[in-house]
Amino acid sequence: MTAYSHTVGQLVYRFTDLRDLLAKATPARSGDVLAGVAAESAEQRVAAQMALAELPLSTFLNEAIIPYESDEITRLIFDTHNTAAFSLISHLTVGDFRNWLLSDDADEPTLTALSSGITPEMAAAVSKIMRVQDLILVAQKCRVTTAFRDTIGLKGRLSTRLQPNHPTDAAAGIAASILDGLLYGSGDAVIGINPATDNLPQVIKLMTMLDAIISRYEIPTQSCVLTHVTNTIEAINRGAPVDLVFQSIGGTQATNTSFGINLNVLAEARAAALALKRGTIGDNVMYFETGQGSSLSANAHGGVDQQTCEVRAYAVARHFKPLLVNTVVGFIGPEYLYDGKQIIRAGLEDHFCGKLLGLPMGCDVCYTNHAEADQNDMDVLLTLLGVAGCTFVMGIPGSDDIMLNYQTTSFHDALYARRALNLQPAPEFSAWLERMQIFSADSDTRVSEALPHPFQRALTNLL
Amino acid sequence: MSAAKPSIIPDNWQELRQFTAARIALGRVGVSLPTNAMLEFQLAHARARDAVHLVFDAEKISAQLHAVELKTLTVQSAALDRHSYLQRPDLGRKLSSESRDLLERKREKHKENSEQVDIAFVIADGLSALAIHHNAVEFIVPLIAQLQKTNWSIAPIVLARQGRVAIGDEIGSLLNAKIVVVLIGERPGLSSPDSMGIYMTWAPQSGLTDAARNCISNVREGGLSFTEASFRLNYLLSESRLRKLSGVELKDETVTMVDLDSDTRNFLIDN
């Protein structure tokens, strides 16, 4: 293992290996302090960043930060690396890579062609020496589109996951939040429920209910019940109408073991969902969630900093051609991301790294009540992500998830971002909103204060 | 131009609020939240924030327990303030060295009486001292009276500042207890800043994981009632003593599972 050093004035800073160098170069966050891998001073951090900037990108192809022999994600990264694509940047250092990414040479088609030549560690490394404006500007140039029943990720679009959670999975309660969301133009990325229980018959009931709503109102979107992947496989075996397969994933094999998954199980689930052929215009059938700190939380980080672990999870996601990848940035709590400042930077890092690697990256712009964060911080992150070209965000009634007890972006928030930044929902969904007379053609103004006719009929039944 | 026309566009599906506590049908101004809905959210968040940072009034709890002849000991975790408590969960799980010394001295003093005590109760602030202030004494006093009637021996109640659930393992083992029960303030939700959790562990010792515990959650006014929580805890205590274990192997059979077949009516498709 190679040691690294950097001299600042009279002081020589030494870093024991590549892992240590990456960790010390990471902008400050509580999770790395908790893990004992963070820089010990502000100057040491910058010295590490300077040393990292001088490192040739090819180093990451010669040295694994988690051993190839013991980690299937390292093997996936090395075995699927596209050397032909990489040749474009193979002569660059990490510092040169930042310069090149910001230059006009790195345009949309070039970045698209390059993505399979970039490893997670390269993306993580360059992000550590980028400021917020760099993360935004380069992410804007990355275009990743996916499809199932509508097209996600086109330029000028911002999609939303409608998240109609209810603490006891009561059907009418879920339906009430779905209707509220649809009437606020939410749900083009997915209508996705976090179930209150992993009880299989209950999960299948929810899948069946979402399918019935989507079919009845001919909504160009897809459904997902966020249960364990093995549960979803079993639901498919029992004939449930599964659109998207969900799973939380991490960036080390040990993390995924703690989640009860591995690459084979994910492959099996994807094959099962593809066999159902439920997508009308595309076959991206996976929905993944990630978040900095999950490896440390599972005591499975192997001395690697939390942001690098996070980007390694994107190698897993990329392998299974997902429709959506969601970094649930502020959910994990202040021991990993302490305050609004740390959450904001982490959200932008995750979005940038995901997009650079070719993923349809969205973000759960969120926080818990014990984090030093509030709605103002979320407004800042949502706006910056909108500017950066984020694929999708969450949509929930009034920002309050009454099932998971945290705060995420509301239906109103998404409309704010669309209006402030001139963004639209997915084109097929936009057309549906117009057809249903929910929104006008600009997908911003509501057509009328009266309920659209089909929904009026549903509500009449209540009275 | 006059602003005579009201700015708020109401959502005319208010009747759906009967089905969920979610913040639906809030109405809008342009595409934004109306002032009242915005400020109501701010109030809920402010209450949750205050609950997280409220200082644990261990003296008051202690006085209330002394008044009914219950002995107490007050300890401190290794997290000395809220700032380090929030960032270093590992510190909140263990005693400060002074507190550890205190409990070790107590044990030395009573060495001649080496018999194990049945239950050690720990009351910890956790993420909401408010939850403890509102619920702990009222819950624990009748519970202990009832347990003593049925011949459970009970250690002095330990009040732990800046404590996380696992601090009970160290305390329980220092007090030579067969079972430790931790009452702790849960992470405040927007509509539940004072929710108390109860964790029970058989044969407590440092280093146990959550798999070794049984949990009763959301104990508060408007959540799980004291009566129901007491009933469940009594069941768990008896089963634990009988089978000499706790955690994943000890299922709470009293839990009336969410009735999967009730409320499957769905107005969006049933017509």
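All values reported here derive from a predicted model rather than from experimental measurement.

### A look at the nonpolar core
Okay, so step 1: By size, the foremost hydrophobic cluster in this structure holds 162 residues, and its most contacted members are F97, L356, W432 and F455 of chain A together with F267 and L268 of chain B.
Okay, so step 2: In this structure, F267 of chain B is in contact with A172, A175, A176, L179, A458, L459 and L462 of chain A together with L16 and F19 of chain B, ignoring residues within four places of it in sequence.
Okay, so step 3: Judged by nonpolar contacts, the second largest core, of 37 residues, contains L147, I179, I198 and L245 of chain B.

### Concerning the packing of helix α9 (residues 120–128) of chain A against helix α18 (residues 340–356) of chain A
Residues and elements named next belong to chain A.
Okay, so step 1: Contact geometry of α9 with α18 gives a least axis separation of 10 Å together with a crossing angle of 140°. As far as their axial angle goes, α18 and α9 are oblique. Pair α9 / α18 crosses with right-handed handedness. Side by side, α9 and α18 meet where A123, A124, V126, S127 and K128 of the first sit next to R345, F352, C353 and L356 of the second.
Okay, so step 2: In the contact of α9 with α18, the residues fall into 6 nonpolar, 1 polar and 2 charged.

### Topic: the pairing of strand β5 (residues 196–202) of chain B
Residues and elements named next belong to chain B.
Okay, so step 1: Burial analysis of β5 places 7 of its 7 residues in the buried class, the great majority of the element.
Okay, so step 2: Side chains M196, I198, M200 and W202 project from β5 onto one buried face, and the interleaved G197, Y199 and T201 project onto a second face that is buried too.
Okay, so step 3: Examined bridge by bridge, strand β4 (residues 177–185) and β5 share 7 bridges and lie antiparallel to one another. Within the sheet, the bridge partner assigned to G185 lies in β5 and is M196.
Okay, so step 4: The pairing of β5 with strand β6 (residues 213–219) spans 5 bridges and is classified as antiparallel.

### Considerations on the packing of aromatic side chains
Okay, so step 1: In this structure the tally under the stated criterion is 12 aromatic pairs over all chains.
Okay, so step 2: When the centroid spacing of 6.4 Å and the interplanar angle of 80° are considered together, the rings of Y184 of chain A and W13 of chain B count as edge-to-face. Of this pair, Y184 of chain A sits in the loop between α11 (171–183) and β6 (190–193) while W13 of chain B is found in the segment before α1 (35–53), placing the two residues in two different chains. Of the two residues, Y184 of chain A and W13 of chain B, neither departs from the other in class, the shared state being buried.
Okay, so step 3: With a centroid separation of 4.9 Å and an interplanar angle of 85°, the aromatic rings of F331 of chain A and Y406 of chain A are classed as edge-to-face. Pair noted here: F331 of chain A is in the loop between β10 (324–328) and α18 and Y406 of chain A is in strand β14 (residues 406–407), with a separation of 75 residues, a long-range link.
Okay, so step 4: Among the aromatic residues, those joined into a ring-pair cluster are Y184 and F411 of chain A together with W13 of chain B.
Okay, so step 5: The ring of F331 of chain A carries the charged tip of R187 of chain B above its face, separated from the ring centre by 5.9 Å.

### Comments concerning the interface of chain A and chain B
Okay, so step 1: Every contact between the two is made by 62 residues of chain A and, on the other side, 50 residues of chain B.
Okay, so step 2: Between chain A and chain B, a total of about 5,000 Å² is buried, with carbon and sulfur atoms accounting for 60% of that surface.
Okay, so step 3: For the pair chain A and chain B, the number of links is 2 salt bridges.
Okay, so step 4: In this structure, the salt-bridge partner of R23 of chain B is D400 of chain A, at a minimum N-O distance of 2.8 Å.
Okay, so step 5: The tally of links between chain A and chain B comes to 16 residue pairs in polar contact (both at pLDDT 80 or more).

### Brief notes about the pattern of salt bridges
Okay, so step 1: All chains considered together, the criterion is met by 27 salt bridges over all chains.
Okay, so step 2: In this structure, R29 of chain A engages E349 of chain A in a salt bridge whose closest nitrogen and oxygen atoms are separated by 2.7 Å. In this pair, R29 of chain A is assigned in the loop between α1 (18–24) and α2 (30–35) and E349 of chain A in helix α18, connecting sequence segments 320 residues apart.
Okay, so step 3: For E349 of chain A, a relative accessible area of 1% corresponds to the buried category.
Okay, so step 4: As a salt-bridge pair, E59 of chain B and R161 of chain B come within 2.9 Å of each other at their nearest N and O atoms. Residue E59 of chain B is located in helix α2 (residues 58–66), and its partner R161 of chain B is located in strand β3 (residues 157–161); the two are separated by 102 residues in the primary sequence.
Okay, so step 5: Exposure remark for E59 of chain B: the relative accessible area of 51% places this residue in the exposed category.
Okay, so step 6: Here the salt bridges do not stand alone but share partners, grouping R149, D211, D243 and R278 of chain A into one network.

Conventions used here
- Residues numbered from 1 in each chain as written.
- Chains lettered and ligands numbered in written order.
- Predicted model: local features only at pLDDT ≥ 70, side-chain atom pairs only at ≥ 80, totals over all residues.
- Heavy atoms only, no water.
- Core = buried A, V, L, I, M, F, W, Y, C linked by side-chain atoms within 4.5 Å.
- Buried < 20%, exposed > 50% of the residue type's maximum accessible area, 1.4 Å probe, protein only.
- Contact = heavy atoms within 4.5 Å.
- Axes fitted to C-alpha atoms, helices over the stretch in contact; angles between N-to-C directions.
- Helix = DSSP H or I, 4+ residues; strand = E, 2+ residues; numbered from the N terminus.
- Parallel < 35°, antiparallel > 145°, perpendicular 65-115°, else oblique.
- Left-handed = near helix turned anticlockwise from the far one by under 90°.
- Nonpolar A, V, L, I, M, F, W, Y, C, P; charged D, E, K, R; others polar.
- Pairing = 2+ DSSP bridges.
- Phe/Tyr/Trp six-rings, centres within 6.5 Å; stacked < 30°, edge-to-face > 60°.
- Lys NZ or Arg CZ within 6 Å of the ring centre and 35° of its normal.
- Buried area = accessible area lost by both parts, 1.4 Å probe.
- Salt bridge = Lys/Arg side-chain N within 4 Å of Asp/Glu carboxyl O.
- Polar contact = N/O pair within 3.5 Å; in protein donor to acceptor, adjacent residues only side chain to side chain.

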